[in-house]
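Overview (structure and organization)
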Amino acid sequence: MHHLTTISPLDTALIRKEFPVLHQEVNGHKLVYFDNAATTQKPKRVIQALTDYYNDYNANIHRGIHSLAEKATHAFEQTRDTVRSFINAQHVEEIVFVKGVTEAINLVATSYGLAFVEKGDEIIISQLEHHSNIVPWQWVCDKKKAKLVVIPLNDVGEIDMNKFKKLLSDRTKIVAVNHASNSLGTVNPVKEITQMAHSKGAVVLIDGAQAGAHLTIDVQDIGCDFYCLSAHKMYGPTGVGILYGRKSIMKKMPPYQGGGEMIREVTFKETTYNDLPYKFEAGTPNIADVIAFRQAMEFISELGRENIAAHERKLLLYASRKIGVLPLVTLIGRASEKVGVLSFVIENIHPFDIGQMLDARGIAVRTGHHCTQPLMAWLGINGTVRVSLAVYNTEAEVDALVESLKRIIKFLNSNHVN
Ligand SMILES: Cc1ncc(COP(=O)(O)O)c(C=O)c1O
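A few points on the structure. (Residues numbered from 1 in each chain as written. Predicted model: local features only at pLDDT ≥ 70, side-chain atom pairs only at ≥ 80, totals over all residues. Heavy atoms only, no water.)

1. A word on the site of the ligand
To keep it simple, the criterion reads: Whether a residue is near a molecule or strand depends on its heavy atoms: it is near if one of them lies within 4 Å of it. In protein, a polar contact means a hydrogen-donor-capable atom and an acceptor-capable atom, both N or O and within 3.5 Å, with residues adjacent in sequence counting only if both atoms are side-chain atoms; elsewhere, any N or O pair within 3.5 Å suffices. The Shrake-Rupley method, run with a 1.4 Å probe sphere, supplies the accessible areas, and residue values consider only the shown protein chains as cover. Each residue is assigned to one of three groups, with Ala, Val, Leu, Ile, Met, Phe, Trp, Tyr, Cys and Pro labelled nonpolar, Asp, Glu, Lys and Arg labelled charged, and all others, Gly among them, labelled polar.
Surveying the vicinity of the ligand reveals the residues Gly-100, Val-101, Thr-102, His-130, Ser-132, Asn-182, Asp-207, Ala-209, Gln-210, Ser-230, His-232 and Lys-233. Here an oxygen atom of the ligand and a side-chain polar atom of Lys-233 are 2.6 Å apart. Protein chains shield 86% of the accessible area of the ligand, which is 390 Å² for the free molecule. Taken together, the residues of the shell around the ligand break down into 2 nonpolar, 8 polar and 2 charged.

See the structure below:
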């Protein structure tokens, strides 16, 4: 019943019909939604899957013997299988449902980090990381008297691979970097990073928050030990995330939370734990949203990830050219490989003011530090205006943004001069 094409270029008009929220006016203007790195909008099929579950077969999963419980369990586990193939994991037991990337990283830091990092060890992250991929490692380092080591960037906002090589040592226990940066859009060479880290015996975690909806992900090809995703940044519901973990490592890791589902047997004397992945899924999960997430992945696969990437690349180039030449604008982050994230600052105008004035014209962007304060400190700025693209965005929307930016620059500068 869906009529989405898998040929490139994608038919954005048809795709936009799938997203009810896009068809509205905000402050008297057509909504232009450019805040996709924060969260993407949801297609009808995702919303439908949520209401279908609550209308037709709401039940708790796994231990129920009645028909509704069986149906819900089947739908829930189908999503796990879809995730497995979506990221090309070898085993379905390697897919753990969590709340989002934040929880996935906290799980690995708490379970793996506290169990296997020792005094004097080092954990390497990069200057590009989101706070979610900084704070949990700081805690591990504090608790275990280990050291947090940060890979510097080059001038265009890419990880400096030569410096990374020099930072790696036999003390390196974990390397945790993002696949794509939410602030600059930089796509990191995660396969190479993984190979280099493995040559020193370190395990590798990839924060895939900004990759899930935009890049093809193949965890076997990357070779990483952990990979994290947030469904809500992939056209799926909030409250669902994925932790992929290599089976041989996850088997050795202690549970993250205790409770129902994660146990095999409980006595007051001792508790034994369930098999993977359930050992890491204590309590009733977010059943409806997990089930609906499957529809989001099917939506992406149906369009084709190469086609999505091509569409967003073209749009990013278009936006970069048009915005980059505006007076007083500086683009921040010029990596050679980027996802559809365009960060910029405008001389003499606070990013927050730009965001507010764009909102008055129906254009949603994000302003500020984007949960990457150490990156902003390194750049020597308080924040940026961030335009982040998705498959439903169009050149006409970029034109509307450029038009508004021109007005804002003109207006504020004339006021500034006066
Ligand atoms: C690169 C990156 N990592 C981690 C996160 C955290 O994701 P979540 O809030 O879904 O847990 C985000 C969210 O913006 C992100 O962009």
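2. Comments concerning the pattern of salt bridges
Side-chain pairs of opposite charge can arise whenever the charged atoms involved come near each other. Spelled out, the test is: Salt bridge, as applied in this entry: a Lys or Arg side-chain nitrogen positioned within 4 Å of an Asp or Glu carboxyl oxygen. Secondary structure follows DSSP: runs of H or I at least 4 residues long count as helices, runs of E at least 2 residues long count as strands, and numbering of each begins at the N terminus.
Under the definition given, this model contains 15 salt bridges. Measuring nitrogen to oxygen at the nearest pair gives 3.1 Å for the salt bridge that ties Glu-93 to Lys-247. Within this pair, whereas Glu-93 is found in the loop between helix H3 (67-86) and strand S4 (95-98), its partner Lys-247 is found in helix H9 (residues 247-252), the two being separated by 154 residues in sequence. A salt bridge links Glu-122 to Arg-171, with the shortest nitrogen-to-oxygen separation between them at 3.3 Å. Here Glu-122 is found in strand S5 (residues 122-126), whereas its partner Arg-171 is found in the loop between helix H6 (161-167) and strand S7 (172-178), with 49 residues between them in sequence. Bridged by salt links that share partners, the residues Glu-18, Arg-45 and Glu-302 form one connected network.

3. Observations regarding the sheet that holds strand S10 (residues 241-245)
Filter applied, for reference: In this description, strands pair whenever DSSP reports at least two bridges between them. Axes, fitted as lines to C-alpha atoms, cover a helix only where it is in contact. Angles between the N-to-C directions of the axes lie from 0 to 180 degrees. When checking whether two residues touch, look at their non-hydrogen atoms; a contact exists if any pair is within 4.5 Å.
With mixed pairing, the 7 strands of this open sheet are ordered in space as S4-S10-S9-S8-S7-S5-S6. The sheet terminates laterally at S4 and strand S6 (147-151), the two strands that pair on one side only. The sheet shows a mean angle of 20° between the axes of neighbouring strands, taken without regard to direction. The pairing of S5 with S7 spans 3 bridges and is classified as parallel. Bridge pairing in S7 places Ile-124 opposite Val-175. On the sheet, H3 packs against S4 and S10 and is oriented at approximately 120° with respect to S4. Relative to the sheet, helix H4 (residues 101-116) contacts S4, S7, strand S8 (203-207), strand S9 (226-230) and S10, its axis offset from that of S9 by approximately 155°.

4. Some thoughts on helix H7 (residues 190-198)
In plain terms, the rule: Any residue under 20% of the maximum accessible area for its type is buried, any over 50% is exposed, and the rest in between are partly exposed; the area is computed with a 1.4 Å probe on protein chains only. Taking the helix axis as origin, the arc is that swept by the directions to the C-beta atoms.
Looking at H7, one finds that the buried residues are Val-190, Ile-193, Thr-194, Met-196 and Ala-197. Looking straight down H7, one finds that the buried residues subtend no more than 165° of arc, so they occupy a single side. For H7, the elements touching its buried residues are H6, S7, S8 and helix H8 (219-222).

5. Focus on the sheet that holds strand S17 (residues 384-388)
The 4 strands are arranged S13-S14-S17-S16 in an open sheet whose pairing can be described as antiparallel. Both outer strands of the open sheet, strand S13 (329-332) and strand S16 (366-368), are each paired with one neighbouring strand and no more. Averaged over all adjacent pairs, the angle separating strand axes in this sheet is 30°, with direction ignored. Both S13 and strand S14 (residues 341-346) contribute to a ladder of 4 bridges, which runs antiparallel. Within S14, the position partnered with Leu-331 by the bridge is Phe-344. Helix H11 (residues 305-324) contacts S13 and S14 of the sheet and is inclined by roughly 10° relative to S14.

6. Brief notes about the nonpolar core
Stated formally: Residues grouped as a nonpolar core are buried Ala, Val, Leu, Ile, Met, Phe, Trp, Tyr and Cys residues, joined through side-chain atoms within 4.5 Å.
Core analysis: the largest hydrophobic core is formed by 81 residues, its most contacted members being Ile-87, Val-175, Tyr-227 and Tyr-235. The element best represented in this core is helix H10 (residues 287-303), accounting for 11 residues. Membership of the second largest hydrophobic core comes to 30 residues, among which are Val-108, Val-117, Ala-209 and Met-253.

7. Regarding helix H2 (residues 44-56)
The criterion, for reference: What a helix should span is 1.5 Å times the count of its residues minus one.
When the terminal C-alpha atoms of H2 are compared, their 17 Å separation across 13 residues agrees well with the 18 Å that a helix rising 1.5 Å per residue should span. Among the residues of H2, those classed as buried are Arg-45, Val-46, Ala-49 and Tyr-53. All buried residues of H2 fall inside an arc of 105° around its axis, so they share one side. Structural note: H2 exposes Tyr-54 and Asn-55 on the side pointing more than 90 degrees away from its buried face.

8. Overview of the side chain of Ser-181
For Ser-181, the position within the fold is in the loop between S7 and H7. If we skip the residues at most four places from it in the chain, Ser-181 touches Leu-128, Thr-186, Gln-210 and Val-341.

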